Amino acid sequence: MNLSKFRIITIIVNPISGNYRMKRVTALTKQLEQIGFRVQVLYTRYRGHGNELARKAVKAGKSSHIVAAGGDGTVAEVAAGMIGSDVQLAILPIGTANVLAAELGILLNEKSLAQTIASGHYTILWPGRLWSSAGETLFLQMVSAGFDAHVVHVLSSRLKKIIGRMAYVLTMLFKLKCYRYPRMSVLIDGIEYQAFLVIISKGSLYAGRYVLTPQSAQMEKAFHVVLFGSSGIRAILRYSFALLCGTLSRQKDVRILPATTVEITDPTGVPVQSDGDARGFTSMRAAITDHPIRVVRHVDS
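Residues numbered from 1 in each chain as written. Predicted model: local features only at pLDDT ≥ 70, side-chain atom pairs only at ≥ 80, totals over all residues. Heavy atoms only, no water.

### Some points on the pairing of strand β19 (residues 284-288)
Point 1. β19 sits mainly inside the fold: 4 of its 5 residues count as buried.
Point 2. Inspection of the sheet shows strand β16 (residues 261-266) paired to β19 by 4 bridges, in the antiparallel sense. For I264, the partnering residue across the bridge sits in β19 and is M284. (Buried < 20%, exposed > 50% of the residue type's maximum accessible area, 1.4 Å probe, protein only. Helix = DSSP H or I, 4+ residues; strand = E, 2+ residues; numbered from the N terminus. Pairing = 2+ DSSP bridges.)

Written out as C-alpha cells, the structure reads:
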C-alpha cells in the first residue's frame with residue numbers, strides 16, 4: 001500500500017479502558033502526528049459499535065490503517081469491520097488480557113507502534129467465524145464452550161475493571177461448585193468426539209502468556225481444537241495448574257487436534273464465548289473466514 005496516498009490513521013477506542021489507558025491513546029496520537037499522519041479518534045458506545053466504525057472508515061477510503069485500542073474483544077470487533085479490505089489493522093493493547101498482542105509480540109509502546117505503522121510492515125492472519133445462538137461474529141484468538149465460557153458469561157464487568165485478570169480467577173473459583181459440566185458432542189471436520197470443555201484456538205496462548213497449544217495457527221487456514229476429557233472441580237483445577245506450568249498438552253485426558261470446521265450441536269444451551277466476550281449458547285459452529293486480515297507487526301531485518 002502506498003502510504004503517501006493515505007495519510008489518515010483512524011483510532012477506534014473502547015472508552016471503558018479508563019483514564020490511564022486513555023493517556024496511551026493520546027500518546028500514540030502525538031507520535032503519529034509527529035510522523036506526518038492525520039489522526040481521527042473514534043469512541044465505541046455499545047457492543048458491536050467498533051465493527052460499525054471500522055466498516056465506515058474502510059468505506060470512506062481515506063485511512064491506511066485502523067488502530068484498535070482496547071482488549072481482545074475490541075480488536076475482534078474492529079477486525080470484523082475491516083476484513084476483506086486492504087486497510088491494515090494496528091493494535092494498541094490496553095485491555096485486560098491482550099492475548100492476541102502477546103501472541104504477535106506487540107508491546108504497549110506508542111513510539112514503536114507509530115514507527116511500525118509508518119514502515120508499512122504487516123503480517124497476514126486468518127481469523128475464524130463463529131455462529132451461535134447470539135448470531136454470527138468474527139474471532140481472532142479463540143472460542144470456547146463449557147466452563148471457561150460460563151465464567152466469561154457471569155463475570156462482573158465492574159470487578160474486571162477494578163482488579164483486571166484476577167476477576168477471572170475469583171469468578172472461576174466461586175463458580176466451580178455450581179456448574180454442571182455437560183458432556184458435549186463435538187464434530188471436528190466431520191468426525192465426532194466427546195468433551196466436557198472445548199477450546200477452538202487460532203493462537204497458542206491463553207489468558208495472557210500461558211501456553212495452551214504447542215503451536216499457533218494464526219497464519220494458517222486452520223484451528224487447533226483442545227478437547228478436555230474430564231469434568232468436575234478437581235479436573236478444572238488440574239487443568240488450570242497444568243496451564244500455569246506449561247504442561248497442559250501433556251495431560252492424558254487432553255487432546256489437541258487440527259481442524260477447519262468445528263460444530264457442537266448436542267447439548268444445546270452450553271455457554272459460548274469468543275475473544276473474552278459472551279457469545280450466547282450452543283448449538284455453535286466455527287470455520288475459517290474466506291478472507292485474511294493484515295495486522296501491523298514489526299518485521300526483523
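### Some points on a nonpolar patch on the surface
Point 1. A contiguous nonpolar patch, built from I162, I163, M166, V169, L170, L173, F174, I233 and L237 and spanning about 810 Å² of accessible area, is present on the exposed surface.
Point 2. For the nonpolar patch, the elements supplying multiple residues, two or more each, are α7 (157-163), α8 (166-175) and α9 (233-245).
Point 3. Sort the elements by how many residues they give to the nonpolar patch and α8 lands first, with 5 residues.
Point 4. Structurally, I163 is set in helix α7. (Patch = residues over 30% accessible without salt bridge, like charges linked within 9 Å, V, L, I, M, F, W, Y side chains within 5 Å. Areas by Shrake-Rupley, 256 points an atom, 1.4 Å probe, with all protein chains shown as cover. Salt bridge = Lys/Arg side-chain N within 4 Å of Asp/Glu carboxyl O.)

### A look at the environment of H49
Point 1. Structurally, the position occupied by H49 is in helix α2 (residues 49-60).
Point 2. Using a relative accessible area of 5% as the deciding quantity, one classes H49 as buried.
Point 3. When sequence neighbours within four positions are dropped, the list of residues in contact with H49 reads Y43, T44 and E77.
Point 4. There is a polar contact of 2.9 Å between the side chain of H49 and the backbone nitrogen of R45. (Contact = heavy atoms within 4.5 Å. Polar contact = N/O pair within 3.5 Å; in protein donor to acceptor, adjacent residues only side chain to side chain.)

Without other data, these values stay purely geometric and don't point to any function.
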